[in-house]
Amino acid sequence: AAGVIQSPRHLIKEKRETATLKCYPIPRHDTVYWYQQGPGQDPQFLISFYEKMQSDKGSIPDRFSAQQFSDYHSELNMSSLELGDSALYFCASSLGRGSFPYNEQFFGPGTRLTVL
Amino acid sequence: KQEVTQIPAALSVPEGENLVLNCSFTDSAIYNLQWFRQDPGKGLTSLLLIQSSQREQTSGRLNASLDKSSGRSTLYIAASQPGDSATYLCAVKTSYDKVIFGPGTSLSVIP
């Protein structure tokens, strides 16, 4: 079965650079979620999109932005990168956010971002 | 504000033992609870999902229970194997979108 795809899997950037992470949800899934997991930390919810509209927002820095496109893939844009942004970034997808809050979120393998 | 805790933080057991991992949450208004496995530096592997209306789920050697009223879940692993060594995270779904994770239990199964 198809899973959530994230690209790139690894990314190395310098401080103050920008980075773009991509997420391709499971086919037919209309909702995507982004999470950040710092070293030794548990994943923290950043932001989510349903039908291309932002649906919820967590602890996402103002330097970060995200969007969901017409094909339901999502991109997380990170600007003015700081050392503390080094983390594993997970994307998850689900089907039918609006009607089914019980739906499972399926997680991708993550993108490991290292900021030097 | 929902908080998720896991006890113990780390656990080391000899191969073949049965073990229990604990997860507690402060707000019983959850949609579901999920147990994940995470190997060092790797992604999240979903093990079991329990809906709020369910009491337990089983998959192979794993059994997860949920007591929503007391804010607790347990993950039971039978006949542990060295390949079970990993960090186990529980996560509760508290809204349409947000999943809140616990800090994890680091499990080491000694051959």
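I will try to describe carefully the structure that is included in this document. The numbering scheme is per chain: residues are counted from 1 as the chain's sequence reads. All chains are assigned letters beginning at A, and all ligands numbers beginning at 1, according to the order in which they are written. Residue-level local features of this predicted model are given only where pLDDT is at least 70; pairs of side-chain atoms are given and counted only at 80 or more, and the full residue set underlies all totals for whole chains, interfaces and linings. Note that water and hydrogens are dropped before the side-chain values are worked out from all heavy atoms of the structure.

### Description of the overall build of chain A
What chain A contains, in helices and strands, is zero helices and 11 strands. Viewed in the frame of its principal axes, chain A has a C-alpha envelope of about 40 × 30 × 25 Å. Burial classes follow relative accessibility: with a 1.4 Å probe on protein chains only, a residue under 20% of its type's maximum area counts as buried, one over 50% as exposed, and anything between as partly exposed. Here chain A, with 116 residues, has 49% of them falling under the buried criterion. Only heavy atoms enter the contact rule, under which two residues are in contact if any of them lie within 4.5 Å. Long-range pairs, those at least 24 residues apart, make up 55% of the contacts in chain A with a sequence separation of at least 6. Here, Shrake-Rupley sampling with a 1.4 Å probe gives the accessible areas, and only protein chains in the shown set may cover a residue. Taken as a whole, chain A presents about 5600 Å² of accessible surface, with 50% of it coming from carbon and sulfur. Two residue types count as positive, namely Lys and Arg, and two as negative, namely Asp and Glu; His and chain ends fall outside the count. We put the charge of a Lys on NZ, of an Arg on CZ, of an Asp on CG and of a Glu on CD. In chain A, 11 side chains carry a positive charge and 12 a negative one; their mean positions are 3 Å apart. A run of H or I in DSSP becomes a helix once it reaches four residues, and a run of E becomes a strand once it reaches two; helices and strands are each numbered from the N terminus.

### Some words on the sheet that holds strand β1 (residues 5–7) of chain A
All names here are of chain A. Any two strands with at least two DSSP-identified bridges between them are counted as paired. Taken together, four strands build an open sheet; the order of strands is β1-β3-β8-β7 and the sheet is antiparallel. The two strands at the open ends of the sheet, each matched to only one other strand, are β1 and β7 (64–68). Strand after strand, the sheet turns through a mean of 15 degrees between neighbouring axes, direction not considered. In this structure, β7 lies alongside strand β8 (residues 74–78), joined through five bridges in antiparallel fashion. Within β8, the residue paired with Ala66 across the bridge is Leu76. With axes taken as lines fitted to C-alpha atoms, and helix axes fitted only over the stretch in contact, angles between N-to-C directions fall between 0 and 180 degrees.

### Description of the interface of chain B and chain A
Quite often, the size of an interface is put as the accessible area lost when its parts meet. Every contact between the two is made by 23 residues of chain B and, on the other side, 24 residues of chain A. Here the quantity called buried area is the total loss of accessible area, with a 1.4 Å probe, experienced by two parts when brought into contact, counted for both. At the boundary of chain B with chain A, total buried surface from both sides reaches about 1900 Å², with 53% on carbon and sulfur atoms. It is Tyr96, Asp97 and Phe101 of chain B in chain B that bury the most area against chain A; as a group they hold 34% of the surface buried on that side. The term salt bridge refers to a pairing of a side-chain nitrogen on Lys or Arg with a carboxyl oxygen on Asp or Glu at a separation within 4 Å. Taken together, the links from chain B to chain A amount to zero salt bridges. Nitrogen and oxygen atoms within 3.5 Å of one another constitute a polar contact, given that in protein one can donate a hydrogen and the other can accept it, and given that sequence-neighbouring residues count only through two side-chain atoms. The interface formed by chain B and chain A contains five residue pairs in polar contact (both at pLDDT 80 or more). When grouped by side-chain class, the residues that make up the side of chain B that touches chain A number nine nonpolar, 10 polar and four charged. Under the grouping applied here, Gly and all other residues not named as nonpolar or charged are polar, the nonpolar ones being Ala, Val, Leu, Ile, Met, Phe, Trp, Tyr, Cys and Pro and the charged ones Asp, Glu, Lys and Arg.

### Brief notes about the pairing of strand β1 (residues 4–7) of chain B
Regular strands place side chains that alternate from one sheet face to the opposite one. Residues and elements named next belong to chain B. Side chains Val4 and Gln6 of β1 all project onto a buried face; the interleaved residues Thr5 and Ile7 project onto a face where none is buried. By the bridge criterion, four bridges tie β1 to strand β3 (residues 19–25) in an arrangement that is antiparallel. Pairing of Thr5 across the sheet is with Ser24, part of β3.

### Some details on the state of the cysteines
Counting rule for disulfides: a pair of cysteine sulfur atoms within 2.5 Å. Enumeration over the complete set of coordinates arrives at two disulfides over all chains. The side chain of Cys23 of chain A participates in a disulfide bridge whose partner is Cys91 of chain A; the two sulfur atoms lie 1.8 Å from each other. Across the disulfide from Cys23 of chain A to Cys91 of chain A, rotation about the S-S bond amounts to roughly -55 degrees, and the bridge is consequently left-handed. Pair noted here: Cys23 of chain A is in strand β3 (residues 19–24) and Cys91 of chain A is in strand β9 (residues 87–94), with a separation of 68 residues, a long-range link. Of the two residues examined, Cys23 of chain A and Cys91 of chain A, each falls in the buried class. Sulfur-sulfur distance for the disulfide between Cys23 of chain B and Cys90 of chain B comes to 2.0 Å. On the sign convention where negative means left-handed, the S-S torsion of about 70 degrees between Cys23 of chain B and Cys90 of chain B marks this disulfide as right-handed. Here Cys23 of chain B, found in strand β3, pairs with Cys90 of chain B, found in strand β9 (residues 86–93); they are 67 residues apart in sequence, far enough to count as distant.

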